Amino acid sequence: MVWKQHEVTLPAFKRGCHLVTEYILREISPSLKGINVGLCHIFVQHTSASLTINENYDPDVRTDLNTFLDLIVPEGSKAPWLHTMEGPDDLPAHIKASMLGSSVSLPITNGRLNMGTWQGIWLCEHR
């Protein structure tokens, strides 16, 4: 069994959901070569951002998911949250990050991430 670990630094993204598949592949693809069957686990070290796998073709899907999250997790003066020390968008960002999660796992098959044709890795920045 072989274990490999990479730390990938992504550029700063504005609030919203962003397709980051190419950033990640650029960093890890050389290490995937020679792995016929494996698992790639990706984790974000950020409490107000999340990772998910979703459609990579139509950017409206990313916009719509962000709109949905904003509708179900209110922010601002009318929101019922107690944790506002870091701003009115902080706790809503934590909630959204918890809903989507801080990691994704993808199968590795024949040296490549085994995703569907229309799947991509998203980073959702919630504040």
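Just above sits the structure.
Residues numbered from 1 in each chain as written. Predicted model: local features only at pLDDT ≥ 70, side-chain atom pairs only at ≥ 80, totals over all residues. Heavy atoms only, no water.

1. Focus on the sheet that holds strand E1 (residues 16–19)
Okay, so step 1: Read from one edge of the open sheet, 3 strands run E1-E6-E3, paired in antiparallel fashion. Because the sheet does not close on itself, it has two edges, and the strands there are E1 and strand E3 (49–55). Geometrically, the sheet is characterised by an average inter-axis angle of 30° between neighbouring strands, direction not taken into account.
Okay, so step 2: One ladder, built from 7 bridges, connects E3 with strand E6 (residues 119–125); its direction is antiparallel. (Pairing = 2+ DSSP bridges. Helix = DSSP H or I, 4+ residues; strand = E, 2+ residues; numbered from the N terminus. Axes fitted to C-alpha atoms, helices over the stretch in contact; angles between N-to-C directions.)

2. Remarks on helix H2 (residues 59–72)
Okay, so step 1: When the terminal C-alpha atoms of H2 are compared, their 21 Å separation across 14 residues agrees well with the 20 Å that a helix rising 1.5 Å per residue should span.
Okay, so step 2: In the core, the buried residues of H2 are packed alongside E1, E3, helix H3 (90–100) and E6.
Okay, so step 3: The distance from a side-chain oxygen at the start of H2 to the backbone nitrogen of aspartate 60 is 2.9 Å, and the residue carrying that oxygen is aspartate 58. (Expected span 1.5 Å × (residues − 1). Contact = heavy atoms within 4.5 Å. Polar contact = N/O pair within 3.5 Å; in protein donor to acceptor, adjacent residues only side chain to side chain.)

3. Quick look at the sheet that holds strand E5 (residues 112–113)
Okay, so step 1: The strand order E2-E4-E5 describes an open sheet built from 3 strands, whose pairing is antiparallel. Each edge of the sheet is formed by a strand with only one pairing partner; in this case those strands are strand E2 (37–43) and E5.
Okay, so step 2: The pairing of strand E4 (residues 103–109) with E5 spans 2 bridges and is antiparallel. Residue isoleucine 108 lies in a different strand from E5, and its bridge partner there is leucine 113.

4. A look at the packing of aromatic side chains
Okay, so step 1: Applying the stated criterion across every chain, the model contains 2 aromatic pairs.
Okay, so step 2: Consider the rings of phenylalanine 13 and tyrosine 23, whose centres lie 5.8 Å apart with planes at 85°: the pair is edge-to-face. You can see phenylalanine 13 sitting in the segment before E1 and its partner tyrosine 23 sitting in helix H1 (residues 21–32), a full 10 residues away along the chain.
Okay, so step 3: Judged by its relative accessible area of 29%, tyrosine 23 is partly exposed.
Okay, so step 4: Measuring from centroid to centroid gives 5.4 Å for tyrosine 57 and tryptophan 118, while their planes differ by 70°, and the two rings are edge-to-face. Pair noted here: tyrosine 57 is in the loop between E3 and H2 and tryptophan 118 is in the loop between E5 and E6, with a separation of 61 residues, a long-range link.
Okay, so step 5: Its relative accessible area of 61% is what places tyrosine 57 among the exposed residues. (Phe/Tyr/Trp six-rings, centres within 6.5 Å; stacked < 30°, edge-to-face > 60°. Buried < 20%, exposed > 50% of the residue type's maximum accessible area, 1.4 Å probe, protein only.)

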